[in-house]
Amino acid sequence: MPLSDFLGALKDNPYFGAGFGLVGLGTAMAIARKSAQLGMIAFRRHYMITLEVPSKDKSYQWLLSWITKHAKHTQHLSVETSYLQHESGRVHTQFDFLPSPGNHIIWYQRKWIRVERTREKQMIDLHTGTPWESVTFTALGRDRQIFFNLLQEARELALKQQEGRTVMYTAMGSEWRPFGCPRRRRPLTSVILERGLAEKLVDDVKDFIANPKWYADRGIPYRRGYLLHGPPGCGKSSFITALAGKLEYSICLMSLSDRSLSDDRLNHLLSVAPEQSIILLEDVDAAFVSRELATENPAAYQGMGRLTFSGLLNALDGVASTEARIVFMTTNYIDRLDPALIRPGRVDLKQYVGYCSHWQLTQMFQRFYPTEPSGQGEKFAERALAVSQSISAAQVQGHFMLNKQDPQGAIDNVAEIGH
Ligand SMILES: Nc1ncnc2c1ncn2[C@@H]1O[C@H](COP(=O)(O)OP(=O)(O)OP(=O)(O)O)[C@@H](O)[C@H]1O
């Protein structure tokens, strides 16, 4: 069907023609025309299909990307800006064009489809604090298959964009929303923990994921909690990101010190986390001090947000689903955590991730300067440990960056690490 006929059909359709108006009442001609039009309207009402997708539906973001890809010639765009942090720490700004609110026409599977993106100025989605939006697809015919195909294609497109990447979600209201663009997966080998440690953790998580029946048979909730603790910059967060990449999981990042977080909201968020995701609660000590400390000095800990300690415990206990639910927590100060938070069932595996050992320093050197003879890595490690026993991997990385082209300099100037 030519595009002009399709647009005409849309115009007369009672659902979409609002605002176009009907003309010519008052004369016989007009009446005849009107009844013909009504006939057409009835016809179109039965022979046009529509699909409305509200912004809170999972497929909404996929569909926007799909529309952008198909409505290549649309001149009406809106922009979505995100900041991406590279492993080097450099921040890169990315602009993604999306179809703007309004109408777009797309030719798809030998049919014209009208796409109408609407944004309600008056209505705010109370869960996310963003304007209420929806996108409506209209096509001729009665075959819904076209919409199934379209949804399927949009989903595949989104998955393709995520291939080899880790999606990070953050909590927005009572939902999880992707944060920035999916990041390139960080290889596990790029995070050098103490010898055997990464393997031990990966095996534990894999074993957990592979054995839902073990939990079901014993009536134990299918979840596992991990706590990585230790000084800053030793690789806790980097390891969790790399682990998620390895498992092809996404990460739901949550800050417990977020003041808008209440017991109910946390509970809800944990129960609706996307499939195949790791929930990451960073710096748990920052939000909660041991209850004893709080009792000793209540004034110092007043106004720490609406989330209560018992609310957190309940939320963690309530995280039960048929899906493997993995919660990682990190802290620099395990001694500040209340024992109730880290008892088995809430935290099943506690792991110290500490300063660099001789082995780690050697590995890091060899990885950074792969063409250097192996003895050099050993030499670097010995000298570094003679300077200090408390060197974090982040400090080593910084030192190597300063001596990017100069491995010998990295050894000779080892005393400058961390300065
Ligand atoms: N074991 C490691 N191997 C390789 N790089 C590391 C390692 N640990 C830290 N880094 C580098 O140091 C930086 C900071 O590391 P990361 O955020 O993972 O540390 P962290 O232990 O989570 O620190 P914090 O406790 O402050 O959150 C990152 O850029 C990371 O690439």
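Note that the structure is predicted; figures quoted are calculated from it, not measured.

The rules we used
- Residues numbered from 1 in each chain as written.
- Predicted model: local features only at pLDDT ≥ 70, side-chain atom pairs only at ≥ 80, totals over all residues.
- Heavy atoms only, no water.
- Helix = DSSP H or I, 4+ residues; strand = E, 2+ residues; numbered from the N terminus.
- Buried < 20%, exposed > 50% of the residue type's maximum accessible area, 1.4 Å probe, protein only.
- Contact = heavy atoms within 4.5 Å.
- Areas by Shrake-Rupley, 256 points an atom, 1.4 Å probe, with all protein chains shown as cover.
- Salt bridge = Lys/Arg side-chain N within 4 Å of Asp/Glu carboxyl O.
- Pairing = 2+ DSSP bridges.
- Axes fitted to C-alpha atoms, helices over the stretch in contact; angles between N-to-C directions.
- Near = heavy atom within 4 Å.
- Polar contact = N/O pair within 3.5 Å; in protein donor to acceptor, adjacent residues only side chain to side chain.
- Nonpolar A, V, L, I, M, F, W, Y, C, P; charged D, E, K, R; others polar.
- pLDDT = per-residue confidence, 0-100.

A look at the overall build of the chain
Each helix and strand in the chain was counted, giving 15 helices and 15 strands. Counting across all 419 residues of the chain, residues that qualify as buried make up 40%. In the chain, the share of contacts with a sequence separation of at least 24, taken over all contacts with a separation of at least 6, comes to 69%. Counting every atom, the chain has about 23000 Å² of accessible surface; 52% of that belongs to carbon and sulfur.

Focus: the pattern of salt bridges
In this structure the tally under the stated criterion is eight salt bridges. For R114, the salt bridge identified is with E116, shortest N-O distance 3.9 Å. Taking relative accessible area as the criterion, R114 reaches 9% and is therefore assigned buried. A salt bridge links K213 to D217; the nearest nitrogen and oxygen atoms lie 2.9 Å apart. Residue K213 and its partner D217 are both found in helix α6 (residues 212–218); the two are separated by four residues, about one turn of the helix. When sorted by exposure, K213 lands in the same class as D217, which is exposed. Salt bridges linked by common partners bring R117, R119 and E133 together as one network.

Side note on the sheet that holds strand β9 (residues 175–178)
With respect to topology, seven strands assemble into an open sheet ordered β9-β8-β12-β13-β14-β11-β15, the strand pairing being mixed. Whereas interior strands pair on both sides, the edge strands pair on one side only; in this sheet they are β9 and β15 (349–352). Taking each pair of neighbouring strands and ignoring which way they run, the sheet shows an average axis angle of 25°. Bridging between strand β12 (residues 250–255) and strand β13 (residues 277–282) involves six bridges; their strand directions are parallel.

Things to note about helix α12 (residues 358–368)
Within α12, the full set of buried residues consists of Q360, L361, T362, M364 and F365. Next to the buried residues of α12 lie α13 (374–387), α14 (393–402) and α15 (407–412).

Considering the site of the ligand
Close contacts around the ligand come from 16 residues, with I192, K236, S237, S238 and N332 the closest. In the model, an oxygen atom of the ligand is placed 2.4 Å from a nitrogen or oxygen of the S238 side chain. About the coverage of the ligand: the protein hides 80% of its 620 Å² of free accessible area. Here the residues of the shell around the ligand sort into seven nonpolar, seven polar and two charged.

A few points about the confidence of the model for the chain
Model confidence for the chain is summarised by a mean pLDDT of 81, while 78% of its residues fall at 70 or above. Every residue in residues 14–23 is under pLDDT 50, and counting partners more than four places away or in other chains gives 12 contacts. In this model residues 85–89 is a low-confidence stretch, pLDDT under 50, and it forms five contacts with partners more than four residues away in sequence or in other chains. Model confidence for the complex is summarised by a pTM of 0.72, with the ipTM given as 0.97.

Details of the environment of R259
The topology assignment puts R259 in the loop between β12 and α8 (263–271). Considering only alpha carbons, one finds R259 and L307, 48 residues apart in sequence, at a separation of 7.8 Å.

Quick word on the side chain of S250
Turning to its location among the elements, S250 is positioned in strand β12. What makes S250 buried here is its relative accessible area of 8%. The residues contacting S250, other than those within four sequence positions of it, are T166, V167, Y169, E275, Q276, S277 and I278.

Description of the environment of Q161
By the secondary structure assignment, Q161 is in helix α4 (residues 145–162). Each C-alpha atom, one on Q161 and one on P182, is 8.0 Å from the other, the two residues being 21 residues apart in sequence.

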